Every structure is written in C-alpha cells, then in structure tokens.
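Residue-level structure breakdown
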Amino acid sequence: MEASSLAPARPLPPARRLRALRGEDRLVARIRRGDSGAFETVFERYHRPILSFCRHMLGHREDAEDAVQHTFLSAYKALVASEQPIDLRPWLFAIARNRCFSVLRGRRPEERTAERDSEPSVEGLVADVERREDLRHLLADLARLPEDQRAALVLSQLEALSHKEIALVLEVPKEKVKALVFQARESLAASRQARTTSCV
C-alpha cells in the first residue's frame, strides 16, 4: 500500500459510474449463464480493494487472504444460485465485511487483546512507508476502533464507496454511516493528539 492510497479516491463522474454499473450487470448476467471468464473479470477488478479492506479489518495478511477467498467463493455460489438483482460492488464488500466480523468474533479473548495491543502487520508496504512512525501509529489506532466504525472509515476512505453503498454493506441507515465515519475520525484525531501532547 502506498502512502497515497490513504487519501480518498475520487468517485467516478455520474456518466462513467452509470456505464460501470451497466457493465457490472452484464458481468453478473454472464456469470449466471456459466461464463467463468466473467467471474475472473470480477475477481481481477475487486480482489485488491477487498484484500485491502480485509487487511485493515483483521490486521493479519493471512487472515485477510482467507477472508478474500471465502468472499469470492461465497459470491460465486450466491450468483449462480439466484437471479436476484444485486449491486455488485457493495454486495461483495458486504460479504467480505460479514466474513471479517465472523473471523473477529471467532478469535479467542486473548487473541483479541493481543490484536488491540500490538501493531498491525505492515508487511508488503513500500520500505520507506514502513519506516514512518506516524503510519504505524495510525494503523494501530485504526485497529483499535470498534468494528463498525473501522469498516465505515476504511470503506469511505480507502475504497471510495459512497455513503449509500456503505450503508448497504454495513446494513445500516445512510445517516448512521456519516455518524460512524465522524466517530472514527474523531477517535483517530484524539489518539493522535494524545500521543503528541507533552506530559508536562
């Protein structure tokens, strides 16, 4: 992950977003007709953002990779078993979120405590970013946020989903997404201020 990936990506303009959605609908239809190439396209398009989301939620690359595999396996099974219309992008993130929450709930209490007290893995980051102490602190603070706040913030900042899409992923009203993102930002800001405030 590059440092620049922490900045929110710009959403697509409305016309391009509409074309992308139509393209996703066609991909879903092709998958349901048995076109494996269409599912490979979906995997290539969403593998990296979903892996990034899972890594931020779980704090461990191996757990995140398992969650991504589970996400795409579950998505494929659900797609071929149903003709129900879906909004592909938020639907995939909802599956990933549910899997991450299951993994987090399945951890033993001592694992949860260790996860909160230790720095998350920064393996695979660019070497100069690894050395940045502020990034390590930010990731540790992010890992300590409540699960719903962390998910809302990561989805809004790193994955550039709209609040409406995040509401679909988290299964909450759109207004609650704004509150969750605000609470997460306030908590991160308070943690940063506490670190930089002199003990004197």
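Refer to the structure above for everything that follows.
Of the regular secondary structure elements, the protein holds 10 helices and 0 strands. Listing each helix as α and each strand as β along the protein from the N terminus yields α-α-α-α-α-α-α-α-α-α. In the protein, the share of contacts with a sequence separation of at least 24, taken over all contacts with a separation of at least 6, comes to 66%. For the protein, the computed accessible surface area is about 11,600 Å², with 52% contributed by carbon and sulfur atoms.

Quick look at the packing of aromatic side chains now. Evaluation of the coordinates by the stated rule reveals 4 aromatic pairs. Look at Phe 39 and Tyr 76: their rings are 5.0 Å apart centre to centre, the planes differ by 70 degrees, and that puts the pair in the edge-to-face class. Of this pair, Phe 39 sits in helix α2 (residues 36-58) while Tyr 76 sits in helix α3 (residues 61-81); the two residues are 37 residues apart in sequence, bridging distant segments of the chain. A relative accessible area of 35% means that Tyr 76 is categorised as partly exposed. Every member of this aromatic cluster is reached through a ring pair, and the members are Phe 39, Phe 43, Phe 72 and Tyr 76.

Attention now moves to the state of the cysteines. Following the criterion strictly, the structure yields 0 disulfides and no others. Looking at Cys 54, it has no disulfide partner, and the nearest cysteine sulfur is the one in Cys 100, 3.6 Å off.

Right, let's talk about helix α10 (residues 174-196) for a bit. In this model, α10 (23 residues) spans 34 Å end to end at C-alpha, consistent with the 33 Å of a helix rising 1.5 Å per residue. Of all the positions in α10, only Val 177, Leu 180, Val 181, Ala 184 and Leu 188 are classed as buried.

Let us look at the packing of helix α8 (residues 147-157) against helix α9 (residues 163-170). Contact geometry for α8 and α9: axes closest at 10 Å, N-to-C directions at 145 degrees. You can see that α8 and α9 cross each other, and the crossing is right-handed. On α9, the residues that touch Asp 148, Ala 151, Ala 152, Leu 155 and Ser 156 of α8 are Ile 166, Val 169 and Leu 170. In terms of residue class, the contact of α8 with α9 is built from 6 nonpolar, 1 polar and 1 charged.

Definitions and cut-offs
- Residues numbered from 1 in each chain as written.
- Predicted model: local features only at pLDDT ≥ 70, side-chain atom pairs only at ≥ 80, totals over all residues.
- Heavy atoms only, no water.
- Helix = DSSP H or I, 4+ residues; strand = E, 2+ residues; numbered from the N terminus.
- Contact = heavy atoms within 4.5 Å.
- Areas by Shrake-Rupley, 256 points an atom, 1.4 Å probe, with all protein chains shown as cover.
- Phe/Tyr/Trp six-rings, centres within 6.5 Å; stacked < 30°, edge-to-face > 60°.
- Buried < 20%, exposed > 50% of the residue type's maximum accessible area, 1.4 Å probe, protein only.
- Disulfide = S-S within 2.5 Å.
- Expected span 1.5 Å × (residues − 1).
- Axes fitted to C-alpha atoms, helices over the stretch in contact; angles between N-to-C directions.
- Left-handed = near helix turned anticlockwise from the far one by under 90°.
- Nonpolar A, V, L, I, M, F, W, Y, C, P; charged D, E, K, R; others polar.

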